[in-house]
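Fold and contact review
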Amino acid sequence: MEGRRKHFLSEVDRQARSRSPRPVPRLRGRWGLVLGTAVAAGATVIVLGIGSGATDASRDVPPASAASVQLLERAALAAAATPGMKARAGQYSYVKTVGHTSVLSETRAGEMELLREEEDMEQWTSVDGSERSLQRKDGNDSLLPGTPGRGHLNSPTYTFLAALPTDPEALLKRIRDDAEKNHGAGSGSTTGPDQQAFVTIGDLLRNGVTPPETSAALYRAAALIPGVDVVSDAVDAAGRHGVAVTRTHDGERTEWIFDKSTARLLGERTILVEDNAWGKAGTVVTSTAVVDSGIVDEAGQTP
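In this report, the structure presented in the accompanying data block is examined. (Residues numbered from 1 in each chain as written. Predicted model: local features only at pLDDT ≥ 70, side-chain atom pairs only at ≥ 80, totals over all residues. Heavy atoms only, no water.)

Moving on, we come to the overall build of the protein chain. Per the secondary structure count, the protein chain includes 6 helices and 14 strands. A total of 303 residues make up the protein chain; the buried ones form 49% of that total. In the protein chain, of all internal contacts separated by at least 6 residues, the share reaching a separation of at least 24 is 60%. (Helix = DSSP H or I, 4+ residues; strand = E, 2+ residues; numbered from the N terminus. Buried < 20%, exposed > 50% of the residue type's maximum accessible area, 1.4 Å probe, protein only. Contact = heavy atoms within 4.5 Å.)

Structure representation (structure tokens):
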């Protein structure tokens, strides 16, 4: 899939710019979008990933709301109180998710058709990055492409996460510097650094197994991002209701959904807040729920 994505990226981008009524989202972390071409159907396909949109104008965006800061602090305290899982070299972090993405497909007749693709999966990531990650979808196992390594912000290992700064300001600077470099002025990105920082933190939190002190710092770092707010009721991909920390960007609202009682992260979704080519306002275009996670000794095992 990775090879096909790279092979067709330029052509899809060219066609989408000429035919799609909105910008094409850019590739980002491992939970991000995929661009591809449905060769058999003869249709160009664009898969919408969480966090697409136009460049930030953070000077015009208010600070995080008091309600969101309070909820994020609850989540940080809950994370910090979670007993840490001892992970050693040779083990794997495991995460099982359910969810879907939205796909905008151009048919042979030249019309755009919105489709939904299921994204249920299990993934095993080497704790120290010494082995390639194993992913299971529809009962089929595959090793993810890439060279084994310690990891980075868009493809973290447990070892990488444990080494991140636990001071919220220092952690946000680390994340935002990367976002500025890849999504700031002159980068050609359609996301912008503030939104990308929010998206990156969400990706890291959904990693499956994040050290408690790192999780707490990530929540507190998110509270420093302008434009963060709260929605009182949201439903994750597993049908669980919760309260959500949100950020709205370019007509899309990204929601991190938390259990109302425990402040535990349940999942994430993106909802349209205005009509566009991807659907009517209120359409859930992407949704992911974490249903199981833990540390295991071998890839393929479950906690």
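Let us keep going from here.
Enumeration according to the criterion identifies 16 salt bridges in this entry. The salt bridge partner of D233 is K260, with a shortest N-O separation of 3.5 Å. One end of the pair, D233, is in strand 10 (residues 228–235); the other, K260, is in the loop between strand 12 (252–258) and strand 13 (265–272), and 27 residues separate them in sequence. For K260, a relative accessible area of 44% corresponds to the partly exposed category. In the salt-bridge network here, residues are joined through shared partners; they are E122, R136 and D141. (Salt bridge = Lys/Arg side-chain N within 4 Å of Asp/Glu carboxyl O.)

Of all hydrophobic cores here, the largest spans 33 residues; its most connected members are L72, I175, I201, Y219, V245, W256 and F258. When residues of this core are traced back to their parent elements, those giving at least two are helix 2 (66–80), helix 3 (158–162), helix 4 (168–183), helix 5 (193–205), helix 6 (212–222), strand 11 (241–249) and strand 12. No other element matches the 6 residues that helix 6 contributes to this core. Apart from the residues lying within four places of it in its own chain, the contact partners of L72 are Y219, A222, A223, V228, V245 and W256. (Core = buried A, V, L, I, M, F, W, Y, C linked by side-chain atoms within 4.5 Å.)

For helix 6, a buried count of 9 out of 11 residues is recorded, marking the element as mostly surrounded by other parts of the structure. Taken as a whole, helix 6 has its buried residues at P212, T214, S215, A216, A217, L218, Y219, A221 and A222.

Within the element layout of this structure, L72 appears in helix 2. The exposure class assigned to L72 is buried, which follows from its relative accessible area of 1%. A C-alpha to C-alpha distance of 8.4 Å links L72 and A263, two positions 191 residues apart in sequence.

Below, the discussion takes up the environment of T125. Residue position: T125 is located in strand 5 (residues 121–126). Take T125: its relative accessible area is 8%, and that puts it in the buried class. Residues T125 and Y158, 33 residues apart in the sequence, show an inter-C-alpha distance of 8.3 Å.

Let us now look at the packing of helix 2 against helix 6. Interaxial distance between helix 2 and helix 6 falls to 8 Å at its minimum, and their mutual angle equals 175°. In terms of axis orientation, helix 2 runs roughly antiparallel to helix 6. Only P212, S215, A216, Y219, R220 and A222 of helix 6 make contact with helix 2, whose side of the interface consists of L72, E73, A75, A76, L77, A79 and A80. Class assignment of the residues belonging to the contact of helix 2 with helix 6 gives a composition of 10 nonpolar, 1 polar and 2 charged. (Axes fitted to C-alpha atoms, helices over the stretch in contact; angles between N-to-C directions. Parallel < 35°, antiparallel > 145°, perpendicular 65-115°, else oblique. Nonpolar A, V, L, I, M, F, W, Y, C, P; charged D, E, K, R; others polar.)

A few words on the side chain of Q91. Along the polypeptide, Q91 turns up in the loop between helix 2 and strand 3 (92–106). Judged by relative accessible area, Q91 falls into the buried class, the value being 7%. Polar contacts involving the side chain of Q91 include one to the side chain of D297, which spans 2.8 Å. (Polar contact = N/O pair within 3.5 Å; in protein donor to acceptor, adjacent residues only side chain to side chain.)

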